[in-house]
Amino acid sequence: MPVMEGKAVMFKALAGIVRPLLDGSVDDLRLEHRLVHPDGTVVWAESFNQLVREADGTPSYLHSVLVDITERKLAEATRTWLTDALQSSQDAIIATSLDGVILSWNSGAERIFGYTAAEIVGRDAAMLRPPEEHAAAAALRTRVGNGERIEYRVVRLGKDGSPVTLAIQLMPIRDAAGAVIGIVT
């Protein structure tokens, strides 16, 4: 494609993207761009765009600010990859709050216990324990809340009430400041 024809296609595409600014249906427009740096590396940028108009309302120029969001996009991609990996694990991976409320439930947990995520997220994990283990579970949550990692064998209950013997690990989930905010099992 000749250079001038390529530029015409690019400007036509750009005009379509900024159409909401031109017709006045929005005041500003945020866009993400995947750019290739001259050294070949991929750089992500977010543009903040506003159309500046003349006094009579005629478009004068497009004011755009580009912000490098490469680190954010890489973090998002990593988070998505980890979420997909955890969700597809055949092992049960369950996150709870420090008081035992189930916050996440992967497909491995569905397979082992028989509950879907929709049935169990938001409920107390106590429903998975035989009644005689409730006091011990509270003590274990306290230890993990203090930062300890614990491994042991345990019996839990499936959806149909049948016992399920598991080797489990309880590990603290920490926030950005390092405070323990939950437990992953």
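Residues numbered from 1 in each chain as written. Predicted model: local features only at pLDDT ≥ 70, side-chain atom pairs only at ≥ 80, totals over all residues. Heavy atoms only, no water.

Colleague: Account for the side chain of Asn49, with residues named and values stated.
Modeller: Tracing the backbone through its elements, the reader meets Asn49 in strand S2 (residues 42–53). Asn49 sits in the buried class, given a relative accessible area of 5%. Reaching out from Asn49, the side chain makes a polar contact with the side chain of Ser47 at a distance of 2.9 Å. One polar contact links Asn49 to Ser64, side chain to side chain, over a distance of 2.4 Å. (Helix = DSSP H or I, 4+ residues; strand = E, 2+ residues; numbered from the N terminus. Buried < 20%, exposed > 50% of the residue type's maximum accessible area, 1.4 Å probe, protein only. Polar contact = N/O pair within 3.5 Å; in protein donor to acceptor, adjacent residues only side chain to side chain.)

Colleague: So what's going on with the sheet that holds strand S8 (residues 180–184)? Which residues, and what values?
Modeller: Strand pairing within a sheet occurs via backbone hydrogen bonds; the two strands may be parallel or antiparallel. The five strands lie next to each other as S5-S4-S8-S7-S6, forming an open sheet whose pairing is antiparallel. Looking along the sheet, the strands with just one partner apiece sit at the ends: strand S5 (102–105) and strand S6 (150–157). The sheet shows a mean angle of 30 degrees between the axes of neighbouring strands, taken without regard to direction. When strand S7 (residues 163–174) meets S8, the two strands line up antiparallel, connected through four bridges. (Pairing = 2+ DSSP bridges. Axes fitted to C-alpha atoms, helices over the stretch in contact; angles between N-to-C directions.)

Colleague: Give a detailed account of the pairing of strand S3 (residues 59–68), specifying residues and quantitative values.
Modeller: Alignment of S2 against S3, held across nine bridges, turns out to be antiparallel. Within the sheet, the bridge partner assigned to Arg53 lies in S3 and is Pro59. In textbook terms, the turn of a hairpin is the stretch between consecutive antiparallel strands, and for S2 and S3 this stretch comprises five residues, one of which, Gly57, has a positive phi near 95 degrees.

Colleague: Describe the environment of Gly114, with residues and values.
Modeller: Structurally, Gly114 is set in the loop between helix H4 (107–113) and helix H5 (117–120). Residues Gly114 and Gln90, spaced 24 residues apart in sequence, show a C-alpha to C-alpha distance of 13 Å.

Colleague: I'd like to hear about the pairing of S8, residue by residue, with values.
Modeller: With four of five residues buried, S8 is to be regarded as a mostly interior element. Here strand S4 (residues 94–97) pairs with S8 via three bridges, running antiparallel. What sits directly across from Ser97, in S8, is Gly182. Between S7 and the antiparallel strand that follows it, S8, lie five residues; Gly178 among them carries a positive phi value of about 95 degrees.

Colleague: I'd like a rundown of the environment of Leu35, residues and numbers included.
Modeller: Within the secondary structure layout, Leu35 lies in strand S1 (residues 28–36). Sequence-wise, Leu35 and Thr83 are 48 residues apart; in three dimensions their C-alpha atoms are separated by 26 Å.

Colleague: Could you give an account of the pattern of salt bridges, with specific residues and numbers?
Modeller: When the charged atoms of two side chains with opposite charge come close together, those side chains can pair. Tallying each qualifying case throughout the model produces nine salt bridges. Note that Glu32 and Lys73 form a salt bridge whose closest N and O atoms lie 2.8 Å from each other. With Glu32 in strand S1 and Lys73 in helix H3 (residues 70–88), this residue pair connects regions lying 41 residues apart in the sequence. Across the pair Glu46 and Arg72 runs a salt bridge, and its minimum N-O distance is 3.5 Å. Of this pair, Glu46 sits in strand S2 while Arg72 sits in helix H3, and the two are 26 residues apart along the sequence. (Salt bridge = Lys/Arg side-chain N within 4 Å of Asp/Glu carboxyl O.)

Colleague: Describe helix H6 (residues 134–145), with residues and values.
Modeller: Taking 1.5 Å of rise per residue, 12 residues should cover 16 Å, and H6 covers 17 Å from first to last C-alpha, within 8% of that figure. The complete set of buried residues in H6 reads Ala137, Leu140 and Val144. Along the axis of H6, the buried residues cluster in a sector spanning 60 degrees; they form a single face. Contacts made by the buried residues of H6 are with S6, S7 and S8. One or two positions beyond H6, positive phi appears at Gly147, with a value near 100 degrees. (Expected span 1.5 Å × (residues − 1). Arc of directions from axis to C-beta. Contact = heavy atoms within 4.5 Å.)

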